[in-house]
Amino acid sequence: MPVDYYETLGVERGANDEEIRRAFRRKAMEFHPDRNKTPGAEDKFKEINEAYQILSDQEKRSRYDRFGHAGVNGGGDRPFDGFDPFSGFGDIFDTFFGGGTRTANQPRAGEDIAHRVNLTFEEAVFGCERDIDIQRVEPCHLCSGAGNEPGTPVSTCRTCSGSGQVRRAQRSVFGQFAVTSPCSACNGSGRYIETHCHNCRGRGYERRQRTRAVTIPAGVNDGMQVRITGEGDTGANGGPPGNLYVQVRVQDHELFARDDEDLVLRMGVNIAEAALGSSKQIPTLDGEEVDLEIPAGTQSGRVFRIRGYGVPRIRRDGRATNRRGDIRVVVDVSVPQRLNKFQRKLLEDLAYSFENHGNAPPSPAKSESRSKRKNRRPTKPAAESAEEPATDSVPEPEAGQSSVDDKQKGLFDRIKDTFAPSED
């Protein structure tokens, strides 16, 4: 479906020429391929150029207002199909944003440089200073940016007379017109160099490695950029240098996670601590511990806030303030996966109490004491007792049998005997 040219530029149908011009300038700066590298920016820029070509021409705009797209391209979707929409558009773009044809000796700003640094969690929170190694374009140290071998002459270009541009006439179906282009003899510099510098090969610039001290402000987060003005590549023909952008990568912390200016700490407590309440020591990035009271009946997921121990807040200009975020402590009630007999018995009694309106579980039946069992002797028939030899000695047990005393020993005594060293 053909796009509406007025919607493309974002103007009303009754907009005047100046409003259309300003809208085109704003849209062109936003979607120009040299400025906007996002997918689809080039296609959007073509639509903007197409819309401006129609609406800036009174005759074409009148036909478009009366007949739509059919009035300007015979019913097709694109009136400029068949040639590159960027050819010839450089003059229009320069007219709006550059003020004329660009020349090779025109001042140009230097390129920006990006450098990545890895910070620990604490360095990002409290700030730090780092020495970084960067490679940037600087004037040649041998020729000082002149481009000629030191001691050799530099003369004015005879082809362009030092202007850096040449004009030539061209004929077309619209008549004769003049075209200005950079001078090919001097590459638009206006100077003729007989002997080029052997270090920079006449370019006047070289790439050198430098070490720069960079101050990382407190409170930076992962993915942020710190701009160092004027530390980029050197500009050409007296243009300003570019900037250095330090991209920050922050390592994870073993205890804390970050949420803007707050630090998040997940703290595990057992079911007894959550039910009865407890006091905990909370670590901080400042090196001290803070007391935190966990009230009785705390549920899993409850959040407690410790004020003023978080990340320093950053202002819009990138500077840190004295205000800090908080530490948010998230309680995780942990359920044990393994229990010993004592713990299991306690939980079973607790479960019984919950199911029976808080009543205690019944006590187990009392068993006969060891002393009574030991003193009680079994009764024997009279015939057997008459034949019993009158002796006080206890017969030795046969092989494979336990003695009476062995059987009468308790559980812990038998365990003790088991771990006792043998007589051998």
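Residues numbered from 1 in each chain as written. Predicted model: local features only at pLDDT ≥ 70, side-chain atom pairs only at ≥ 80, totals over all residues. Heavy atoms only, no water.

A look at the environment of Phe256
Take Phe256: it is sitting in strand 10 (residues 256–259). Taking the C-alpha atoms as reference points, Phe256 and Val329, 73 residues apart in sequence, are found 9.7 Å from one another. In this view, Phe256 contacts Phe121, Leu263, Val264, Leu265, Pro283, Thr284, Leu285 and Ile327; residues no more than four positions away in its chain are not counted. (Helix = DSSP H or I, 4+ residues; strand = E, 2+ residues; numbered from the N terminus. Contact = heavy atoms within 4.5 Å.)

Topic: the pattern of salt bridges
The tally for this structure, following the rule as stated, stands at 20 salt bridges. Measuring nitrogen to oxygen at the nearest pair gives 2.7 Å for the salt bridge that ties Glu138 to Arg136. In this structure Arg136 comes out as buried when scored by relative accessible area, which is 12%. (Salt bridge = Lys/Arg side-chain N within 4 Å of Asp/Glu carboxyl O. Buried < 20%, exposed > 50% of the residue type's maximum accessible area, 1.4 Å probe, protein only.)

Looking at the packing of aromatic side chains
Counted according to the given criterion, the structure contains three aromatic pairs. A centroid spacing of 4.7 Å and a plane angle of 35° characterise the contact between Tyr5 and Tyr64, whose relative ring orientation is tilted. You can see Tyr5 sitting in helix 1 (residues 5–9) and its partner Tyr64 sitting in helix 4 (residues 58–67), a full 59 residues away along the chain. Residue Tyr64 is classed as buried on the basis of its relative accessible area, which comes to 4%. Residues Tyr6 and Tyr64 carry aromatic rings whose centres are separated by 6.1 Å and whose planes lie at 35° to one another, so their mutual orientation is tilted. In this pair, Tyr6 sits in helix 1 while Tyr64 sits in helix 4, placing the two residues 58 residues apart along the sequence. The class of Tyr6 is buried, set by a relative accessible area of 1%. One aromatic cluster is present, formed by Tyr5, Tyr6 and Tyr64 through successive ring pairs. (Phe/Tyr/Trp six-rings, centres within 6.5 Å; stacked < 30°, edge-to-face > 60°.)

Description of the sheet that holds strand 8 (residues 225–228)
The strand order across the open sheet formed by three strands is 1-9-8, and the pairing between neighbours is mixed. Strands with a single pairing partner mark the edges of an open sheet, and in this sheet they are strand 1 (113–119) and strand 8. The average angle at which neighbouring strand axes cross in this sheet is 25°, direction not considered. Bridge analysis of strand 8 against strand 9 (residues 244–250) gives four bridges, and the strand direction is antiparallel. Within strand 9, the position partnered with Val226 by the bridge is Val246. (Pairing = 2+ DSSP bridges. Axes fitted to C-alpha atoms, helices over the stretch in contact; angles between N-to-C directions.)

What to know about the packing of helix 3 (residues 41–55) against helix 4
Their axes nearest at 6 Å, the elements helix 3 and helix 4 cross at an angle of 100°. Between helix 3 and helix 4, the angle falls in the class roughly perpendicular. Residue-level inspection shows Gln53, Ile54 and Leu55 of helix 3 in contact with helix 4, the latter providing Lys60, Arg61 and Tyr64. When its residues are assigned to classes, the contact of helix 3 with helix 4 shows three nonpolar, one polar and two charged. (Parallel < 35°, antiparallel > 145°, perpendicular 65-115°, else oblique. Nonpolar A, V, L, I, M, F, W, Y, C, P; charged D, E, K, R; others polar.)

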